[in-house]
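Residues per chain, in single letters:
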Amino acid sequence: MGVILKIEDLYVDFKTERGLVKAIDGVTLEVKEGEVLALIGETGCGKSTISKAIMRLLPKNATVRGKIIYKGKNLLELPESEMRKIRGKEIGMIFQDPLTSLNPVFTVSNQMEEMFKIHKLPTRKSIFEEIVNLLKIVRIPDAESRAKSYPFELSGGMRQRVMVAMMLSSNPSLLIADEPTTALDVTIQAQIMNLMLELKRNFNTTILLITHNPGVVAEIADRVAVMYAGQIVEVAPVKEVFDNPLHPYTRSLMRALPKGHKTERELENILGRVPNLLTPPPGCRFHPRCPFADERCTGGKPEIKEVEPGHFVACYKVGGTRNE
Amino acid sequence: MKKQLIIRKFFSLLLPIFVVSVFSFSLLHLIPGDPARYILGDFATPQQLAQLRHQLGLDRPLYVQYISWMVKLAHGDFGTSLVANVPVSELIKGRLSFTLKLTGTAWILAWIFGISFGIISATKKHSLIDYGITTLAVFFMSMPYFWLGLMLMLIFGVKLGILPISGPGTWKNLILPAFTLGLPQIAVIARLTRANMLDVLEKDYITTAKAKGLPDTLVIYKHALRNAMIPLITYMFLQIPWLFGGAVVTETVFAWPGMGSLLITAIFQRDYPVVQAIVLIIGTLTVIANFLADITYTIIDPRIRAMG
């Protein structure tokens, strides 16, 4: 599998009134063609910042350093006009809250039509028929009249389907789904997830799934990247992450998960709290909460390295010295 | 459903128009002054005054006068001017078109410039041009019409000598009074547009529009502006009474032969029928403006349309 998206040493800072928020701290990550890569982490760890950085949709107070290479091109160096051809056409994006991500004053078909017009997408029939067809693919009942509806006339799950259909219209190579099910209730979550899996199978779309829900990850991801406070701590195939987590953060995260059956032990929580990114701890940002931390961890940031085939960890305590 | 809504809203206009008619009638009778005295002059005898009052019907109880005025109104009769002794409708007819021309022009100027400056200000937030627009807006919002009118006269009429400063005439005569009336409104609309645009540009659907690869022009002029305009629509019509109010002063300053200058003269002469008619017309236009605001709301915002 080729690499479709490569993030290299990405830093994102936000200038705020209270100081510089160092949101992303040297992230390196590869997304392979045709896979579902889940980017998982707590709220505020920088997952969404990465997705917006890829799309170059960060607010003006953000400064971005590093490289984001998509199909050989560094997106961070593209002129805005070239970037617009990538947004929506090459890379689609679905957002967290379907209730607010569609424009309330335009009909579904009006908003979907824009994709066809802006990106000059090929159509076999009329644009409207293409739209109805797309809505049928995402299983919207009564697609023709739904196309003429306004977003407020549709339920949350429906609106998320519309978003999926809209982003699908250009058949993008990469789909970034930024917590696509967080705002939906559980049954609808499953439907949207199944829909995305189906799309991945039928259209071979690569999906970068951003979520804080490990259940969703277990269901659809091929590989998982775990983030903590703006750093990637572990990247591994999905089974490895759940069965054999290596980074202390991932391990405590997994121990904090309910397993779905009764166990003797109580769920653990991770001691301490998420650091303030105005003044992040030096070195490994997890070290203040890590039971294994020593001087080395406070000094420099640990490099992310492959400790087992396909299993990458950024920790001094893992790898060569793992069995000590 | 939509038709019902419009009909229901239309009937809800009748009450405010009735209230306007009562106020326009009674307020004038509450202020001191006697039209008979004004017509006959200072040396009239009490008998002469009483006789004229009787002739004009002013000695009848107020409610009787009100009812007879309403009955005549229902027949399209605004009464006869006490001073000029011609039908009020004649007096107003020639004046109304001048006032509409002035307020209409000011209204159009206000929206074209107001929205444009508002958008520039919002998209170039915290830039020099944004601060410039804001400063000018606060300045023009705070200036009274008569002072603004005099300053424009001084600059463009007297110093530069490029525009006429008084009376009706060609379209050139309209420019200064229209800007006098329009500038404060341009300022208000620019401020409102800026605030609403900034609010809307933060919304998720704007991020969606950008993520779709739409160019800035579409994002701003289609996705953002349409939403930013919704709260502005009411103002579009609610400002109409302000324009009529401002027209009274502006017409007087520029000797523009509209209803405003007629109203001022009529008030000083205690010419009841003329004042009542003009206040009633302006009041009714205001009520209608509110009605139109409601209707436009439903057209621009599908969510209100659906609520019916």
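Residues numbered from 1 in each chain as written. Chains lettered and ligands numbered in written order. Predicted model: local features only at pLDDT ≥ 70, side-chain atom pairs only at ≥ 80, totals over all residues. Heavy atoms only, no water.

Enquirer: Would you explain the overall build of chain A in this entry?
Expert: Within chain A, the regular secondary structure consists of eleven helices and twelve strands. Against the globule reference of 20 Å for 324 residues, chain A gives a C-alpha radius of gyration of 21 Å, in line with a compact fold. The C-alpha extent of chain A, read off along each of the three principal axes, is 65 × 50 × 40 Å. Across the 324 residues of chain A, 52% fall into the buried class. Here the contacts in chain A between residues at least 6 apart in sequence split such that 63% fall between residues at least 24 apart. Taking the average location of the 44 positive side-chain charges in chain A and that of its 39 negative ones, the two points are 3 Å from each other. (Helix = DSSP H or I, 4+ residues; strand = E, 2+ residues; numbered from the N terminus. Rg over C-alpha atoms; globule rule 2.2 N^0.38 Å. Buried < 20%, exposed > 50% of the residue type's maximum accessible area, 1.4 Å probe, protein only. Contact = heavy atoms within 4.5 Å. Lys, Arg positive; Asp, Glu negative; His and termini not counted. Charge placed at Lys NZ, Arg CZ, Asp CG, Glu CD.)

Enquirer: Mind showing me how you'd approach the interface of chain B and chain A here?
Expert: Accessible area lost on assembly of the parts is the figure often given for the size of an interface. Each side of the interface is counted separately: chain B has 23 residues, and chain A has 28 residues. Surface buried jointly by chain B and chain A totals about 2100 Å² across both partners, of which 64% is contributed by carbon and sulfur atoms. If you sort the residues of chain B by the area they bury against chain A, Ala211, Lys212 and Lys222 of chain B come out on top, with a joint share of 27%. Run the count over chain B and chain A and you get two salt bridges. Here Lys212 of chain B and Glu114 of chain A are joined by a salt bridge, their closest N and O atoms 2.7 Å apart. Run the count over chain B and chain A and you get twelve residue pairs in polar contact (both at pLDDT 80 or more). Put simply, the parts of the chain that give the side of chain B that touches chain A at least two residues each are helix H10 (204–211), helix H11 (216–253) and helix H14 (302–307) of chain B. Of all the elements, H11 of chain B adds the most residues to the side of chain B that touches chain A, at seven residues. Looking at the side of chain B that touches chain A residue by residue, the class counts come to nine nonpolar, five polar and nine charged. (Buried area = accessible area lost by both parts, 1.4 Å probe. Salt bridge = Lys/Arg side-chain N within 4 Å of Asp/Glu carboxyl O. Polar contact = N/O pair within 3.5 Å; in protein donor to acceptor, adjacent residues only side chain to side chain. Nonpolar A, V, L, I, M, F, W, Y, C, P; charged D, E, K, R; others polar.)

Enquirer: Where do I start with the state of the cysteines in this structure?
Expert: In protein structure, a disulfide is the covalent linkage between the sulfur atoms of two cysteines. All names here are of chain A. The tally for this structure, following the rule as stated, stands at zero disulfides over all chains. Cys45 forms no disulfide, and the closest cysteine sulfur to it belongs to Cys284, at a distance of 14 Å. Cysteine Cys284 shares no disulfide, and the gap to the nearest cysteine sulfur, in Cys297, comes to 6.2 Å. According to the relative accessible area criterion, Cys284 is buried, its value standing at 10%. (Disulfide = S-S within 2.5 Å.)

Enquirer: Got a minute to help me understand the domain arrangement of chain B in this structure?
Expert: Residues and elements named next belong to chain B. The assigned domain composition of chain B is domain 1 (12–74) and domain 2 (88–307). The straight-line distance from the C-alpha centre of domain 1 to that of domain 2 is 34 Å. Contact with domain 1, which involves 18 residues of that partner, is made by twelve residues of domain 2. When domain 1 packs against domain 2, the two sides together hide about 1500 Å² of surface, and 77% of this comes from carbon and sulfur. The largest contributions to the domain 1 side of the interface with domain 2 come from Leu13, Leu28 and Tyr38, which together make up 35% of the buried area. In this structure, the connection of domain 1 to domain 2 is made through zero salt bridges. On the surface where domain 1 and domain 2 come into contact, there are one residue pair in polar contact (both at pLDDT 80 or more). (Domains from an automatic or database assignment.)

Enquirer: I keep staring at the packing of aromatic side chains and nothing clicks. Help me out?
Expert: Working definition: an aromatic ring pair is given by the centre-to-centre distance plus the angle between the planes. All names here are of chain B. Within the structure shown, the criterion is met by 13 aromatic pairs over all chains. A ring pair is formed by Phe113 and Phe117, whose centres lie 6.2 Å apart and whose planes are at 25 degrees; its orientation type is stacked. Here Phe117 and Phe113 lie together in helix H6 (residues 88–123), a separation of four residues that amounts to about one turn. Taking the centre distance of 6.2 Å and the plane angle of 50 degrees together, the rings of Phe113 and Phe179 count as tilted. (Phe/Tyr/Trp six-rings, centres within 6.5 Å; stacked < 30°, edge-to-face > 60°.)

Enquirer: Help me understand the confidence of the model for chain A, please; the structure alone is not making it clear to me.
Expert: Any residue range with low pLDDT should be treated as having predicted coordinates unsuitable for detailed reading. Per-residue confidence for chain A gives a mean pLDDT of 89; residues scoring 70 or more make up 96%. The spread of mean pLDDT over the elements of chain A runs between helix H7 (residues 186–203) of chain A, the lowest at 84, and strand E4 (residues 62–70) of chain A, the highest at 95. (pLDDT = per-residue confidence, 0-100.)

Enquirer: Is there a simple way to explain unusual backbone geometry in this structure?
Expert: All names here are of chain A. The phi dihedral of Arg56 falls on the positive side, at around 55 degrees, and the residue is not glycine. Looking at where Arg56 falls in the secondary structure, it is placed in the loop between helix H1 (47–55) and E4. A relative accessible area of 23% means that Arg56 is categorised as partly exposed. Notably, Arg139 is not glycine yet its phi reads approximately 65 degrees, a positive angle. By the secondary structure assignment, Arg139 is in the loop between helix H4 (127–137) and helix H5 (143–147).

Enquirer: Where do I start with the sheet that holds strand E3 (residues 36–40) of chain A in this structure?
Expert: Across a sheet, strands are paired by hydrogen bonds formed along the backbone, either parallel or antiparallel in direction. All names here are of chain A. Taken together, eight strands build an open sheet; the order of strands is E6-E7-E8-E3-E9-E10-E12-E11 and the sheet is mixed. Of all strands in the sheet, those bounded by a partner on one side alone are strand E6 (91–94) and strand E11 (305–308). Taken pair by pair, the neighbouring strands of this sheet meet at an average axis angle of 20 degrees, ignoring direction. Bridge count for E3 against strand E8 (residues 206–211) is five bridges, and the pairing is parallel. Its bridge partner lying in E8, Leu37 is registered against Leu208. (Pairing = 2+ DSSP bridges. Axes fitted to C-alpha atoms, helices over the stretch in contact; angles between N-to-C directions.)

Enquirer: I tried to follow the layout of surface pockets on my own but got confused; where do I start?
Expert: It is the rolling of a water-molecule-sized probe over the atoms that shows where space remains empty. Counted as a void, the largest pocket has a volume near 1300 Å³. Among the elements of the structure, H1, E4 and helix H2 (80–86) of chain A together with H6, helix H9 (172–201), H10 and H11 of chain B are those that each provide at least two residues to the lining of the largest pocket. Taken together, the residues that form the lining of the largest pocket break down as 14 nonpolar, four polar and 13 charged. (1 Å grid on protein atoms, 1.4 Å probe; cavity = no way out; pocket = protein on both sides within 12 Å on 5 of 7 lines; lining within 4 Å. Points joined across faces, edges and corners; volume = space filled by probe spheres on them.)

Enquirer: Just checking my understanding: could you explain the packing of helix H12 (residues 259–268) of chain B against helix H13 (residues 272–300) of chain B for this structure?
Expert: For any two helices packed against each other, the geometry is given by the interaxial angle and the distance between the axes. Residue and element names in this part refer to chain B. Closest axis-to-axis distance for the H12/H13 pair is 9 Å, and the angle between their directions is 140 degrees. The angle between H12 and H13 falls in the class oblique. For the crossing formed where H12 meets H13, the hand is left-handed. Judged by residue contacts, Met259, Leu262, Leu263, Ala266 and Ile267 of H12 engage Val274, Val275, Ile278, Val279, Ile281 and Ile282 from H13. Of the residues contributing to the contact of H12 with H13, the split by class is eleven nonpolar, no polar and no charged. (Parallel < 35°, antiparallel > 145°, perpendicular 65-115°, else oblique. Left-handed = near helix turned anticlockwise from the far one by under 90°.)

Enquirer: Any chance you could explain the pairing of E3 of chain A here in plain terms?
Expert: Consecutive side chains of a regular strand alternate in pointing toward one face of the sheet and then the other. The element E3 of chain A is extensively covered by neighbouring structure, given that five of its five residues are classed as buried. Side chains of E3 of chain A alternate between two faces, with Val36, Ala38 and Ile40 of chain A and Leu37 and Leu39 of chain A buried alike.

Enquirer: Mind showing me how you'd approach empty space enclosed by the protein here?
Expert: Residues and elements named next belong to chain A. Under the defined criterion, the tally for this structure stands at one cavity of 30 Å³ or more. Taken as a whole, the largest cavity holds about 60 Å³ of empty space. His247, Pro248, Cys284, Phe286, His287, Cys290, Cys297, Pro302, Cys315, Tyr316 and Lys317 are the residues that line the largest cavity. Considering only residue class, the lining of the largest cavity consists of eight nonpolar, two polar and one charged.

Enquirer: What's the story with a positive patch on the surface in this structure? I'm lost.
Expert: Taken together, the side chains of Lys60 of chain A together with Lys124, Lys125 and Lys210 of chain B make up a positively charged region of the molecular surface. The partly exposed category is assigned to Lys210 of chain B, whose relative accessible area is 33%. (Patch = residues over 30% accessible without salt bridge, like charges linked within 9 Å, V, L, I, M, F, W, Y side chains within 5 Å. Areas by Shrake-Rupley, 256 points an atom, 1.4 Å probe, with all protein chains shown as cover.)

Enquirer: For this particular structure, what's the right way to read the pairing of E11 of chain A?
Expert: Residue and element names in this part refer to chain A. Note: E11 against strand E12 (residues 311–313), three bridges, orientation antiparallel. Of the residues in E12, the one forming a bridge with Glu306 is Phe312. Hairpin connection from E11 to E12: two residues lie between these consecutive antiparallel strands, with Gly310 at a positive phi of about 80 degrees.

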